[in-house]
Amino acid sequence: MWKTILRRLFFMIPQVIILSILIFMIAQAMPGDPFTGLINPNQDPAVIVRMREEAGLNDPWPEQYFRWIGNALQGDFGSSFLYKLPVATLIGDRISNTLWLSLLTVIITYLIAVPLGMLAGRYQDSWLDKTVVVYNFFSFAVPLFIFALIM
């Protein structure tokens, strides 16, 4: 068992690194920068250049990436432009609701899935079994936000 866990952890590390690079590159490829929506069109261009320089947006992308990863590993996710608070504070304020919602989702999922699985297993090749199979097919094929609206 420990071998399996260590092997999966060993394969997980490069995947997380590659995924973080992809996320960073996609964010860099987006038009504009974090200050685009905050800039007044009548503002002096020198102020905009100074804001970009202070934020490190003029640095080469590898330097920006390693600064971003270093800050994230230390728990510094930056500040929210909308709420003017540290992002870690906003996450901390909302994490309890997220955990309660996740727990409720797991409970409801098992309350639906276990009885349906037992019925489908008990009445194999019946209309009930086929209905459960179709339900499972559509629940996996349809995006979750659309499936939630339908349910």
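A brief structural summary. Fair warning: this is a prediction, and the values are worked out from it, not measured in the lab.

## Observations regarding the overall build of the protein chain
The helix and strand inventory of the protein chain stands at six helices and zero strands. Ordered by position from N to C terminus, the α and β elements of the protein chain give α-α-α-α-α-α. In terms of principal-axis extent, the alpha carbons of the protein chain reach across some 75 × 45 × 30 Å. Within the protein chain, buried positions represent 9% of all 151 residues. Looking at the protein chain alone, contacts between residues at least 24 apart form 30% of all its contacts between residues at least 6 apart. Here the protein chain displays about 12700 Å² of accessible surface, and carbon together with sulfur accounts for 72% of that area.

Quick notes on the rules
- Residues numbered from 1 in each chain as written.
- Predicted model: local features only at pLDDT ≥ 70, side-chain atom pairs only at ≥ 80, totals over all residues.
- Heavy atoms only, no water.
- Helix = DSSP H or I, 4+ residues; strand = E, 2+ residues; numbered from the N terminus.
- Buried < 20%, exposed > 50% of the residue type's maximum accessible area, 1.4 Å probe, protein only.
- Contact = heavy atoms within 4.5 Å.
- Areas by Shrake-Rupley, 256 points an atom, 1.4 Å probe, with all protein chains shown as cover.

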